[in-house]
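# Fold and geometry: a report
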Amino acid sequence: MSEIKVAFLGLGVMGYPMAGHLAKAGYDVTVYNRTTVKAEKWVEEYSASLDESDVELYMAPTVAGAVADADFVFACVGADKDVAEICTGENGAFASMKSGAVFVDHTTASAECARDMYAAAKEVGIGFIDAPVSGGEAGAINGALTVMCGGDNETFKRAEPVIAAFSKSCKLLGDAGAGQLTKMVNQVCIAGVVQGLSEALNLAIEAGLDAGAVVDVISKGAAQSWQMENRASTMIKGEFDFGFAVDWMRKDLGIVLNEANSLGVSMPLTALVDQFYADVQKMGGNRQDTSSLIRRFRG
């Protein structure tokens, strides 16, 4: 039995393996998911894999039940409204967490939501860190996520060693909301690179070049990027089943554009790529990964 008890709320594509890494790291974990069957499956799977361990794993049918004894509560849900509901809604986490506990939100949400939840948590004696992640499904499975945090330094220092169970990098970027703002910057960079890569690969193909050979050459130079290394070959093949979906990218870019509008910041490229992703949605690519932008050229 671990001295530190944690809860994990939301066992989606990212949360399921992230909670698993906490169990593997030796923490007692209680999980909650709106679909109870998935929480039961998680407990069964990780209890079997940790058969000889003294780690204790549970599932709770309610948020309140999951967080009651936890020192750290992690969440990875859908959007602002889901964060608000799970934190401050009826039977939400904040009303049931013990004083001094820490809530770490890995949802990609707005900076405003993060600031609101930070203030609400502070009122009841709870620490709050907004901590969106980058690295996709593969990063979550491999325990190699990049975590961008906002909040108080003291609270961050307490949470950082626990977050290390599923991260390769974890940094405090500033006050509440700074993690979400950093994630916005991250998504802008990804969107621009994927659009450029889509145009480049289409040019190579239309020019009659061996696109794979072209990528092999230019990836050794200044054109190299994570997207090129990890997605170019599958984009050429028309394979788009690699994690982070177009629907989620559009949600994230919507957050970016709203924030930019409030700051009076011009983001013409981001607005354009957001509309290109809307085109992919119209083509039925909602659940395809973000590299499916090339479908606008290749079908």
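Residues numbered from 1 in each chain as written. Predicted model: local features only at pLDDT ≥ 70, side-chain atom pairs only at ≥ 80, totals over all residues. Heavy atoms only, no water.

## Regarding the overall build of the protein chain
Along its length, the protein chain carries 13 helices and nine strands. Against the globule reference of 19 Å for 299 residues, the protein chain gives a C-alpha radius of gyration of 20 Å, in line with a compact fold. Dimensions of the protein chain, computed from the C-alpha atoms along their principal axes, are close to 65 × 50 × 35 Å. Here the contacts in the protein chain between residues at least 6 apart in sequence split such that 68% fall between residues at least 24 apart. Surface summary for the protein chain: the accessible area is close to 13800 Å², and the carbon and sulfur share equals 52%. (Helix = DSSP H or I, 4+ residues; strand = E, 2+ residues; numbered from the N terminus. Rg over C-alpha atoms; globule rule 2.2 N^0.38 Å. Contact = heavy atoms within 4.5 Å. Areas by Shrake-Rupley, 256 points an atom, 1.4 Å probe, with all protein chains shown as cover.)

## A short note on the sheet that holds strand β7 (residues 133-134)
Overall, mixed pairing links the three strands, which are arranged β7-β8-β9 in an open sheet. Looking at strand neighbours, the two that pair on one side only are β7 and β9 (167-172), the edges of this open sheet. As defined by bridge partners, β7 adjoins strand β8 (residues 145-149) across two bridges and the pair is classed as antiparallel. Paired with Val133 across the two strands is Val147, which belongs to β8. Packing against the sheet, helix α7 (residues 153-163) makes contact with β8 and β9, and its axis sits at approximately 180 degrees to β9. (Pairing = 2+ DSSP bridges. Axes fitted to C-alpha atoms, helices over the stretch in contact; angles between N-to-C directions.)

## So, the pairing of β8
Among the five residues in β8, four count as buried, and that is most of the element. Bridge analysis of β8 against β9 gives five bridges, and the strand direction is parallel. Each bridged residue has a counterpart across the sheet, and for Met148 the counterpart in β9 is Lys171. Between β8 and its parallel partner β9, the chain crosses via α7, and the hand of that crossover is right-handed. (Buried < 20%, exposed > 50% of the residue type's maximum accessible area, 1.4 Å probe, protein only. Right-handed = clockwise from strand over helix to strand, strands pointing away.)

## Some remarks on the environment of Asp289
Counting through the fold element by element, Asp289 comes out in the loop between α12 (268-282) and α13 (295-298). A relative accessible area of 2% means that Asp289 is categorised as buried. Through-space distance from the C-alpha of Asp289 to that of Met235 is 10 Å; in sequence the pair is 54 residues apart. Apart from the residues within four sequence positions on either side, Asp289 is in contact with Arg231, Glu239, Phe240, Asp241, Phe242, Gly243, Phe244, Ala245 and Val246.

## Considering the packing of helix α8 (residues 178-206) against α12
Relative to each other, α8 and α12 sit at 65 degrees, their axes nearing to 10 Å. Between α8 and α12, the interaxial angle falls into the category roughly perpendicular. At the point where α8 passes α12, the crossing takes the left-handed sense. Two secondary-structure elements touch here, α8 through Val188, Ala191, Gly192, Val194 and Gln195 and α12 through Leu269, Thr270, Val273, Phe276 and Tyr277. (Parallel < 35°, antiparallel > 145°, perpendicular 65-115°, else oblique. Left-handed = near helix turned anticlockwise from the far one by under 90°.)

## Some points on the pattern of salt bridges
For the structure shown, the criterion picks out ten salt bridges. Measuring nitrogen to oxygen at the nearest pair gives 2.5 Å for the salt bridge that ties Glu206 to Arg298. In this pair, Glu206 sits in helix α8 while Arg298 sits in helix α13, placing the two residues 92 residues apart along the sequence. Note on Glu206: relative accessible area 57%, which makes it exposed. Assessed through its relative accessible area of 36%, Arg298 is described here as partly exposed. As a salt-bridge pair, Asp252 and Lys251 come within 3.4 Å of each other at their nearest N and O atoms. Each of Arg34, Lys81 and Asp82 takes part in a single network of salt bridges with overlapping partners. (Salt bridge = Lys/Arg side-chain N within 4 Å of Asp/Glu carboxyl O.)

## Some points on the side chain of Ser219
Turning to its location among the elements, Ser219 is positioned in the loop between α9 (211-218) and α10 (226-237). Assessed through its relative accessible area of 12%, Ser219 is described here as buried. From its side chain, Ser219 meets the backbone oxygen of Asp216 in a polar contact 3.2 Å long. Contacts of Ser219, omitting those with residues within four sequence positions, involve Gln224, Met228 and Glu229. (Polar contact = N/O pair within 3.5 Å; in protein donor to acceptor, adjacent residues only side chain to side chain.)

## A look at unusual backbone geometry
Positive phi, close to 60 degrees, is recorded for Asn91, a residue that is not glycine. Residue placement: Asn91 occurs in the loop between α4 (80-88) and β5 (102-105).

## Some remarks on the pairing of β5
If a strand is regular, its side chains alternate between the two faces of the sheet. Of the two faces of β5, both are covered, the one formed by Val102 and Val104 as well as the one formed by Phe103 and Asp105. With four bridges joining them, strand β4 (residues 72-75) and β5 adopt parallel strand pairing. Bridge pairing in β5 links Ala75 to Asp105. For the crossover that starts at β4, traverses α4 and ends in the parallel β5, the hand is right-handed. As defined by bridge partners, β5 adjoins strand β6 (residues 127-130) across four bridges and the pair is classed as parallel.

## As for helix α1 (residues 15-24)
Among the ten residues of α1, nine are classified as buried, and the element is accordingly described as predominantly covered. Of all the positions in α1, only Gly15, Tyr16, Pro17, Met18, Ala19, Gly20, His21, Leu22 and Ala23 are classed as buried. Gly26 occupies a position one or two residues after α1 and carries a positive phi of about 100 degrees.

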